[in-house]
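Letter by letter, the chains look like this.
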Amino acid sequence: MNQGCNQMKIKKRTVICFGIFFVLFLMTVGNAAAGSEQNSAIYEDRIVWQDDSNGSWDIQMYDIYDSTKTQITNNEADQQNPDIYGDRIVWQDSRNGNQDVFMYDISISREVQITTSESYQGKPAIYGDKIVWEDDRNGNRDIYMYDISTSKETRITNNTSDQSSPDIYGDRIVWTEEGAIYMYNISTSTETQVTPHWWGWEGWDEEYHNDFARAPFIYGNRIVYEAETETGNYLIKMYDLSNSTEQTIGLVDEAYYPAIYGDKIVWENIPGGTPLTGDENHDIHMYNLSTFTVTRITTNNSLQGDPAIYGDRIVWTDARNAVSYDDLSDIYMYDLSTSTETRITTAKEEQMAQGTETQITTNEGEQERPAIYGDRIVWTDWRNGNRHDFLNGDIYMYDISTSTETRITSNESSQSRPAIYGDRIVWADYRNDNGSYMISDIYMYDLFSSTETQISTSGSAYSPAIYGDRIVWMDYRNDNGSYTNYDIYMYDLSTHKETQISTSGSAYSPAIYGDRIVWYDSRNGDDYNPNWNIYMYDLFSSKETQISTSGSAYSPAAIYEDRIVWIDTRRTGGKDIYMYDLSTATETRITTSVSASNLAIYDDRIVWDENRRFNGNPEIYMWNLSTSTESKITSNEPYQSVIYVALPAIYGDRIVWDDNRNGNADIYMFTLASAEVPDSGGNDSESPAAEFTSNVSSGNAPLSVLFTDLSQYATGRSWDFNNDGISDSSEIAPVYVFSDPGIYTVKLTVNNANGTDSKTTTITVERKSSGGSSGSGGGGGSPEPAKNVEVKELSQVFITNDKAVKFDFVKNATCVVYVGFDAKKTAGKTTTIVEELKGKSSLVSELPSGDVYKSFNVWVGNSGYATSENIENPVICFKVEKAWLQDKNIDQASIALNRYSDEKWEQLPANLSGEDDTYMYFTAGVPGFSPFAITGESKSSREENETGTKLESEGRSINGNETGSEGMESEQQTEQEESTGMPGFEVAFSVACLLTVFLYKRR
């Protein structure tokens, strides 16, 4: 047959997986996971298939001519069942919540949505300009067609039966209906029943019935299909439209999913002719109609199925390399002209991390749930008790620098789930329990002072975490006896104060970093749909934020700096790691293997355990955010996990986990080689070098100072703010308030395995000034009393000479949106603080005139930085609630920004720069930074002021005889000119202001 005159496509039939056995196989191992390739179709040199290497099904294409692979779709939804003809690829797509038909044109690199109905449209096939599919928009399955050349959609079938699995060749469309094959001729608009109804059909005729026919495929006058007999066997049959004859093809075995090209028919074959037992081999067979011969194409002792054919090339799905959840199947091709088999797709090989593994514990008891900070590893240890009965678990510690193991707790009850920060170890303790194992409290041990402290007294506290002076845990003290009403609590060691963080009654497993506490919460769920999501509470702004919205956050979250990570089952129940970056407000999917568990994060490295292989042995994996690469930490076959929860932990270049390769659970550690750790300018042999900055070195009491640790090669730190020899904080960037006047020596001590180093500086705190703010510095720590601050927000930017600087306040905690200026000098990393006040600033003598919306302070950089010598063109963008404007009847044009300087208020014009449903946004140029107040005038008072001014002016002119009739005419003329001229001026001025703001933002 002349292929130039009879261009056709050859595709796989519309099946999700090949062969009944492979369906059972997938049901056994779970959802098809990353790396599985299925449902191939071929046209000339191009092969297309569906691939879930990225965690959801995507359409991929391979060009045989130049051996290149192209990803056609990258939407996070599933794209499946592709077909190809010429430059066009079609598939079914779930991105809109239902299944739609999409098309991609290779020649113009353009994707087009073909169907827009909100119902199901799937299993598309394409020939020339025509696409056909099955569609249930009418309550049953119908066949529809779309003509690309006319952009017209046509309903092909109209009866109430279900029609499915369409295929098309030329003007002919075939499908399955009631176990029979039907055909529609587009050129004559006629429908024909090709095969009789099947033996199980409701109205079957004993003398005139057929096998159950399905999965039809058409080429020219020949239709091939799969037929199920009354005896339960599956055969391949062909119907020849030219002579109206039907014949059985090939062996009488178990045969499925035929395809045809010219004289060649291919199918999936299972030898034996008996009902499936699950032990049979699946192979690809071919029948040549011209030579009447059957050829076995594949001989591999595995599963091959779902074939497609074009010319001399046969493609199929092959499971011979299925050793893990990451690679269940591949696409293979056989060339009849050369008798060669080619593997089209290959699994991505796992990269082993570089480094050294160390066994930490050797005791024959069970050791589990390790945590690590610096050189110290802590864990729960059952050597003195029984893990199975939860009897006498203890907390142990191992110091890497001294290679010594220490028993932390010796109480005969159980202590579990330890966490460590600096010298402090916290855990859940059951010593006050009555044997129910339901009464537990949080305890802490201080390694520096060798003292143990009971932190909580509720008897209902679990899962502690610690950062600096703050300890958080989940607590069911507000429960009604169901032990399901949990909230997050916090204890501050510096203030000895306990605080309830959440009130939802459904908050679990908190983690903490700096001022941020995260947990997972089912507050929006019910008994049937828990609807788990990740939430965060910011202690600095006293604001709670919902981080995830999927309703499927599977496990406790972890946090490091601006990054929050968790495991989510939103993708068909598979467990993947997601990350939310607070600095960019973006969510990223990290893994696509759908089987991740128990994650931890440090810097730009995420670790977790995962069972990807069929042998049931989880391994430890790591993802490097800076290089976007995954590496495998463990490689031994035995089980890397505790029975309950496998929980790797990471600090710096060290990863710890529990591992029962020796028959019991032990603690192991992997130390990453320098190649695996981002370059910090040094190496493992370097001693620590202490370095830090403060945003102010002097100011009036009470003085709030932000300190930032810039040390190198340090794994731990300790701040002493008042030179009393007692550690006040171990945070990276703590804020300390000096309440009383004096000169304070601040000391930072840092350490690593190679030693310690310290640096000191002095902070001068002066008596509080009785006057207001003056000058234009607006820098340094705030002299505003903390009790007068409603909320504050910090923003940090690296300032470079001759560059526009913009401090964005992304938390939206205050009325300030951003602070900007042009830098005249390089200042490096600089912090700007905005304080929104409860009332009048204590730094001003009185409020400005008008209705005050908000009062706030702005402090930029170190004291004295924000002057005309260092910056120019300073600007503040702020927002005003529309509700306030409406409630106070404020004239929008009267909104002004008032700055307090030299003991007086200066009103600065504010330009409207935008609005949304809630706020009006304004920008104002400012001479400097200091206390500010946003004001407006009510429309009534403004009208009264304008009327009074006008009457007073007229009275003075008339009574003083300053003007005659000519003067009045001149004055009227001037007023008229002003009356008609000002609106144009205002419009021009507003446009100019908006343009200025736009150009500023562009920079």
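On a predicted model such as this, the values are computed, not experimentally measured, just so you know.

Focus: the sheet that holds strand S13 (residues 152-155)
Note: strands within a sheet are paired through backbone hydrogen bonds, in either parallel or antiparallel orientation. Read across the open sheet, the four strands follow the order S10-S11-S12-S13; overall the sheet is antiparallel. Every interior strand has two partners, whereas the edge strands, strand S10 (121-127) and S13, have only one. Sheet twist, expressed as the mean angle between neighbouring strand axes with direction ignored, is 25°. With five bridges connecting them, S10 and strand S11 (residues 130-135) associate as antiparallel partners.

A closer look at the confidence of the model for the protein
This prediction gives the protein a mean pLDDT of 82; 82% of its residues lie at or above 70. The model gives residues 638-645 a pLDDT under 50, and that stretch makes 31 contacts with residues more than four places away or in other chains. Contacts from residues 679-683, a stretch scored under 50 in pLDDT, to residues over four places away or in other chains number five contacts.

Here we look at the packing of aromatic side chains
Given two aromatic rings, one states the distance between the centres and the angle between the planes to describe the pair. Taken as a whole and judged by the stated rule, the model has 50 aromatic pairs. Ring geometry for Tyr-219 versus Tyr-261: centroids 5.1 Å apart, planes at 50°, classification tilted. With Tyr-219 in strand S18 (residues 212-219) and Tyr-261 in strand S22 (residues 254-261), this pair connects stretches of sequence that are 42 residues apart. In this structure, Tyr-219 and Tyr-261 share a single accessibility class: buried. Ring geometry for Tyr-373 and Tyr-651: centres 4.7 Å apart, planes at 50°, overall tilted. In this pair, Tyr-373 sits in strand S31 (residues 367-373) while Tyr-651 sits in strand S55 (residues 649-651), placing the two residues 278 residues apart along the sequence. The exposure class of Tyr-651 is buried, given its relative accessible area of 10%. One aromatic cluster is present, built from ring pairs that chain together Tyr-43, Tyr-85, Tyr-127, Tyr-169, Tyr-219, Tyr-261 and Tyr-310. Geometry around Tyr-332 places Arg-320 over its ring, the cationic atom sitting 4.1 Å from the centre. Lying across the ring of Tyr-535, Arg-523 places its NZ or CZ 3.9 Å from the centre.

Thoughts on the pairing of strand S44 (residues 516-521)
A large share of S44 lies buried, amounting to six of its six residues. The alternating pattern of S44 places Arg-516, Val-518 and Tyr-520 and Ile-517, Trp-519 and Asp-521 on opposite faces, both of which are buried. By the bridge criterion, five bridges tie strand S43 (residues 507-513) to S44 in an arrangement that is antiparallel. Bridge pairing in S44 places Ala-511 opposite Val-518.

Some remarks on unusual backbone geometry
A positive phi is found at Ala-585, a non-glycine position, where the angle reads about 55°. Locating Ala-585 in the fold gives a position in the loop between strand S49 (574-581) and strand S50 (586-589). In this structure, Glu-903 is a non-glycine residue whose phi angle is positive, near 60°. Looking at the secondary structure, you find Glu-903 in the loop between strand S71 (896-901) and strand S72 (904-909).

Re the pattern of salt bridges
Within this structure, the stated rule accounts for 47 salt bridges. A salt bridge links Glu-226 to Arg-214; the nearest nitrogen and oxygen atoms lie 2.7 Å apart. Of this pair, Glu-226 sits in strand S19 (residues 222-228) while Arg-214 is found in strand S18, placing the two residues 12 residues apart along the sequence. When its relative accessible area of 27% is taken as the criterion, Arg-214 is described as partly exposed. Put simply, Arg-383 and Glu-405 hold a salt bridge, and the shortest N to O gap is 3.0 Å. With Arg-383 in the loop between strand S32 (376-381) and strand S33 (394-399) and Glu-405 in strand S34 (residues 404-407), this pair connects stretches of sequence that are 22 residues apart. Using a relative accessible area of 36% as the deciding quantity, one classes Glu-405 as partly exposed. Bridged by salt links that share partners, the residues Asp-93, Arg-95 and Glu-111 form one connected network.

So, the side chain of Gln-163
Of note, Gln-163 is situated in strand S14 (residues 163-169). Residue Gln-163 is classed as buried on the basis of its relative accessible area of 0%. Polar contacts involving the side chain of Gln-163 include one to the side chain of Asn-159, which spans 2.6 Å. Residues within four places of Gln-163 in sequence aside, it is in contact with Glu-134, Asn-140, Arg-141, Asp-142, Ile-143, Thr-157, Trp-175, Thr-176 and Glu-177.

Comments concerning the pairing of strand S17 (residues 190-193)
Relative to S17, strand S16 (residues 180-185) is paired through four bridges, and the arrangement is antiparallel. Note that in S17 the partner of Met-183 across the bridge is Thr-192. As consecutive antiparallel partners, S16 and S17 are separated by four residues, and within that stretch Ser-189 has a phi angle of approximately 55°, a positive value.

Parameters and conventions
Residues numbered from 1 in each chain as written. Predicted model: local features only at pLDDT ≥ 70, side-chain atom pairs only at ≥ 80, totals over all residues. Heavy atoms only, no water. Pairing = 2+ DSSP bridges. Helix = DSSP H or I, 4+ residues; strand = E, 2+ residues; numbered from the N terminus. Axes fitted to C-alpha atoms, helices over the stretch in contact; angles between N-to-C directions. pLDDT = per-residue confidence, 0-100. Contact = heavy atoms within 4.5 Å. Phe/Tyr/Trp six-rings, centres within 6.5 Å; stacked < 30°, edge-to-face > 60°. Buried < 20%, exposed > 50% of the residue type's maximum accessible area, 1.4 Å probe, protein only. Lys NZ or Arg CZ within 6 Å of the ring centre and 35° of its normal. Salt bridge = Lys/Arg side-chain N within 4 Å of Asp/Glu carboxyl O. Polar contact = N/O pair within 3.5 Å; in protein donor to acceptor, adjacent residues only side chain to side chain.

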